[in-house]
Amino acid sequence: MTQLTTGSADDPAAGKLAGRLTMLLVALLWSTSGLFAKAPIFDAWPEAYRGSLLAFWRSACAALVLLPTIRRPRYRTYLIPLTICFALMNVTYLTSMTRSTAANAIWLQNMAPWWVFLLSVLLFHEPVVRRDLIPLAFAMLGVGTILSFEIRGQAPFGAICGAASGVFYAAVVVLMRQLRSENSSWIVALSHTVTTAVLLPWVLQIGYAPSFEQLLALAAFGTVQMAIPYLLLIRALRSISSQEAVAIGLVEPVLLPLWVWLIWGEVPAWWTIVGAALILAGLLLRYVVCELLFPRKTPQNPRAKTPLARLRERGRG
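Residues numbered from 1 in each chain as written. Predicted model: local features only at pLDDT ≥ 70, side-chain atom pairs only at ≥ 80, totals over all residues. Heavy atoms only, no water.

Peer 1: Quick one: what's the story with the overall build of the protein, residue by residue and with numbers?
Peer 2: Within the protein, the regular secondary structure consists of 14 helices and 0 strands. In the protein, of all internal contacts separated by at least 6 residues, the share reaching a separation of at least 24 is 90%. (Helix = DSSP H or I, 4+ residues; strand = E, 2+ residues; numbered from the N terminus. Contact = heavy atoms within 4.5 Å.)

As structure tokens, then:
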């Protein structure tokens, strides 16, 4: 089966636009995590274990959904660090979500743009685009504001886990970009399967099994919030850089606390709102102001510059 790609190889501008829109959809689906993690249906689970239990069952359900869709699996060296970082990202993020507010967990995770920038430039030598530094600078200001207040508050462990999840999230995005030519279902299903296998012994020791209603919610959690978005993420990374992907992904922390507030009534602290406003300002400057005032020229199709293409053009003349 032919691998699907985002956009057209003959139209780089259209491909990049499609990649950005795909990443926007990814962020929208990711933003539903608070609706599941904060659902009262899971309140009976001990808070100390709830994050890991949610991580296990979410990944197990996502893996079951994705396994039948795998095509052409093959081993790549990057799969080892990817699956390790993916498992750690799940545990630290959901632990932060259950030990702090949803707004704090997601905004702290979104220190990721700086980590992605460093990993992409230093390890994989991706080009630096100056305008992409704008949302990164605002992200650091915003996340720094939140973190500075949280570590002095009542939930320092939740804040630390949230910050750690940002490092692992950045590593996942960068490594998935290196594996973007592989079958998407294979990469995402393997990541969820390893997470499930790593957490299984500990979950069995805890001894908490979900009820039927909880299992239905976990199945939706794994499918809508994890399986589908990560398939789309790999597709988006074929036409946009990992730095741009995590910058667009900052739409997720804008929406997530909004959903939790509207549905479950959890109100974020004032410093979370200030930090969120800074991150959103950086996004608007980069993707609205810069694109409208200083549009970049679309590069010509590289195929048109090959010697064979030039000979053909001369022949027509």
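Peer 1: A description of unusual backbone geometry should follow, citing residues and the corresponding values.
Peer 2: One non-glycine residue, Arg-72, lies in positive phi territory at about 55 degrees. Secondary-structure assignment places Arg-72 in the loop between α3 (47-66) and α4 (79-99).

Peer 1: Account for the packing of α4 against helix α8 (residues 156-178), naming residues and giving values.
Peer 2: When two helices pack together, their arrangement is given by the angle between their axes and by how far apart the axes lie. The N-to-C vectors of α4 and α8 enclose an angle of 150 degrees; their axes lie 7 Å apart at closest approach. Judged by the inter-axis angle, α4 sits roughly antiparallel to α8. Crossing of α4 over α8 shows left-handed handedness. For the pair α4 and α8, contact is made by Pro-81, Leu-82, Cys-85, Phe-86, Leu-88, Met-89, Thr-92, Tyr-93, Thr-95, Ser-96 and Arg-99 and by Phe-157, Gly-158, Cys-161, Gly-162, Ala-164, Ser-165, Phe-168, Tyr-169, Ala-171, Val-172, Leu-175 and Met-176, respectively. (Axes fitted to C-alpha atoms, helices over the stretch in contact; angles between N-to-C directions. Parallel < 35°, antiparallel > 145°, perpendicular 65-115°, else oblique. Left-handed = near helix turned anticlockwise from the far one by under 90°.)

Peer 1: Report on the pattern of salt bridges, specifying residues and quantitative values.
Peer 2: A full pass over the atoms with the stated rule returns 6 salt bridges. Across the salt bridge formed by Arg-20 and Glu-244, the nearest N and O atoms sit 2.3 Å from each other. On the criterion of sequence distance, the pair formed by Arg-20 in helix α1 (residues 12-30) and Glu-244 in helix α11 (residues 242-248) is long-range, its members being 224 residues apart. Ionic contacts of the salt-bridge type, sharing partners, join the residues Lys-16, Arg-20 and Glu-244 into one network. (Salt bridge = Lys/Arg side-chain N within 4 Å of Asp/Glu carboxyl O.)

Peer 1: So what's going on with the packing of helix α5 (residues 102-109) against helix α12 (residues 251-264)? Which residues, and what values?
Peer 2: Interaxial distance between α5 and α12 falls to 9 Å at its minimum, and their mutual angle equals 170 degrees. As summarised for this structure, α5 and α12 are arranged roughly antiparallel, according to the angle between their axes. When α5 is examined against α12, the residues Ala-102, Ala-103, Ile-106 and Trp-107 are found in contact with a partner set consisting of Glu-252, Pro-253, Val-254, Leu-256, Pro-257 and Val-260. Residue composition of the contact of α5 with α12, grouped by class: 9 nonpolar, no polar and 1 charged. (Nonpolar A, V, L, I, M, F, W, Y, C, P; charged D, E, K, R; others polar.)

Peer 1: Quick one: what's the story with the side chain of Glu-182, residue by residue and with numbers?
Peer 2: Here Glu-182 is to be found in the loop between α8 and α9 (184-206). Look at Glu-182 and you get buried, because its relative accessible area is 2%. Separated by 2.6 Å, the side chains of Glu-182 and Arg-76 make a polar contact. (Buried < 20%, exposed > 50% of the residue type's maximum accessible area, 1.4 Å probe, protein only. Polar contact = N/O pair within 3.5 Å; in protein donor to acceptor, adjacent residues only side chain to side chain.)

Peer 1: Go over empty space enclosed by the protein, please, and point to the residues and values.
Peer 2: Over the atoms, a rolling probe the size of a water molecule traces out where space has been left empty. For the structure on display, the rule yields 1 cavity of 30 Å³ or more. The calculated volume of the largest cavity comes to roughly 100 Å³. Lining of the largest cavity is provided by Trp-30, Arg-58, Met-89, Asn-90, Tyr-93, Gln-109, Tyr-169, Gln-225, Met-226, Tyr-230 and Glu-252. Mapped by element, the contributors of at least two residues to the lining of the largest cavity are α4 and α10 (212-236). For the lining of the largest cavity, the class distribution of residues is 6 nonpolar, 3 polar and 2 charged. (1 Å grid on protein atoms, 1.4 Å probe; cavity = no way out; pocket = protein on both sides within 12 Å on 5 of 7 lines; lining within 4 Å. Points joined across faces, edges and corners; volume = space filled by probe spheres on them.)

Peer 1: Break down the packing of aromatic side chains for me, citing the residues and quoting the values.
Peer 2: Considering all chains together, one arrives at 10 aromatic pairs under this definition. With a centroid separation of 5.7 Å and an interplanar angle of 85 degrees, the aromatic rings of Trp-30 and Tyr-169 are classed as edge-to-face. Placement of the pair is Trp-30 in helix α1 and Tyr-169 in helix α8, with a sequence separation of 139 residues. With a relative accessible area of 2%, Tyr-169 lands in the buried category. (Phe/Tyr/Trp six-rings, centres within 6.5 Å; stacked < 30°, edge-to-face > 60°.)

Peer 1: Explain the side chain of Ser-185 residue by residue, including any values.
Peer 2: Among the structural elements, Ser-185 can be located in helix α9. Taking the relative accessible area as the measure of exposure, Ser-185 reaches 10% and is therefore buried. With sequence-adjacent residues up to four places away left out, Ser-185 is seen in contact with Leu-66, Thr-69, Ile-70 and Leu-231.

Peer 1: Give a detailed account of α12, specifying residues and quantitative values.
Peer 2: The first and last C-alpha atoms of α12 sit 20 Å apart over 14 residues, in line with the 20 Å expected at 1.5 Å per residue. Residues Glu-252, Pro-253, Leu-255, Leu-256, Pro-257 and Val-260 constitute the buried set of α12. Against α1, α2 (33-37), α4 and α5 lie the buried residues of α12. Phi turns positive one or two residues past the end of α12, at Gly-265, with a value near 75 degrees. (Expected span 1.5 Å × (residues − 1).)

Peer 1: If you had to explain the environment of Val-203 to someone new, which residues and values would you point to?
Peer 2: One can find Val-203 in helix α9. For Val-203, a relative accessible area of 5% translates into the label buried. For the pair formed by Val-203 and Trp-57, sequence separation is 146 residues and the distance between their alpha carbons is 9.4 Å. Other than its neighbours up to four places away in sequence, Val-203 contacts Leu-53, Phe-56, Trp-57 and Tyr-208.

Peer 1: Help me get a handle on a nonpolar patch on the surface, residues and values and all.
Peer 2: Judged by side-chain polarity, Leu-280, Leu-284, Leu-285, Val-288, Val-289, Leu-292, Leu-293 and Phe-294 come together as a nonpolar surface patch covering roughly 730 Å² of accessible area. By the element assignment, Leu-284 lies in helix α13 (residues 270-293). Relative accessible area serves as the criterion here: at 45%, Leu-284 is assigned to the partly exposed category. (Patch = residues over 30% accessible without salt bridge, like charges linked within 9 Å, V, L, I, M, F, W, Y side chains within 5 Å. Areas by Shrake-Rupley, 256 points an atom, 1.4 Å probe, with all protein chains shown as cover.)

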